Amino acid sequence: MPLTFTIRPVSRDDFDQWLPLWNGYNAFYGRLGATALAPEITQTTWMRFFDSYEPVRALVAESEGKLLGLTHYIFHRTTVAIGPICYLQDLFTLESARGKGVAGALINEVYAQAKLAGAFRVYWQTHETNHTAMKLYDKVAEKSGFIVYRMPI
């Protein structure tokens, strides 16, 4: 039987289920133990979802009252268009929900929200070793050809 779920905006009541997903996402990228995010970063991130002045948004996938996945996205200005652009910053699903359409549905809802906001593009990045996710990304988006450079300050 296929997995049935809904995609919806995160609510304040979701915190206890959102937090393990957030921690799982961060652990996947090596932010755990000594390199874990400070609790105030997690708390500030959470509060931003409910502040109408913040451009940060969150969606969750839910099945029978249980959260299966999350995505966080940010609208920002760009120098190449009048309207906003949307950065899909975080995407994570429970291991048990992988391969069942949850991540794709979360991405598609970000696309829908971006379109409603007048954004002309959604973009994101992933680690070069995240081959499983890239199989999905290759189906739902195009590679930009750009390489990310960064410098910690």
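Residues numbered from 1 in each chain as written. Predicted model: local features only at pLDDT ≥ 70, side-chain atom pairs only at ≥ 80, totals over all residues. Heavy atoms only, no water.

## Here's the deal with the pattern of salt bridges
So, point 1. Applying the stated criterion across every chain yields a total of three salt bridges.
So, point 2. The closest approach of N and O atoms between arginine 8 and aspartate 14, which form a salt bridge, is 2.7 Å. Accessibility assignment for this pair places arginine 8 and aspartate 14 in one class, buried.
So, point 3. Between arginine 48 and glutamate 54 there is a salt bridge whose closest N-O contact spans 3.8 Å.
So, point 4. Accessibility expressed as a relative area gives 23% for glutamate 54, which makes it partly exposed.
So, point 5. Connected through salt bridges with shared partners, the residues Arg8, Asp14 and Glu62 form a single ionic network. (Salt bridge = Lys/Arg side-chain N within 4 Å of Asp/Glu carboxyl O. Buried < 20%, exposed > 50% of the residue type's maximum accessible area, 1.4 Å probe, protein only.)

## Quick look at the side chain of threonine 93
So, point 1. With respect to the helices and strands, threonine 93 occurs in strand 4 (residues 85-93).
So, point 2. Classification of threonine 93 as buried rests on a relative accessible area of 6%.
So, point 3. Setting aside residues no more than four positions away along its own chain, threonine 93 makes contact with Leu68, Gly69, Arg98, Val102, Ala103 and Leu106. (Helix = DSSP H or I, 4+ residues; strand = E, 2+ residues; numbered from the N terminus. Contact = heavy atoms within 4.5 Å.)

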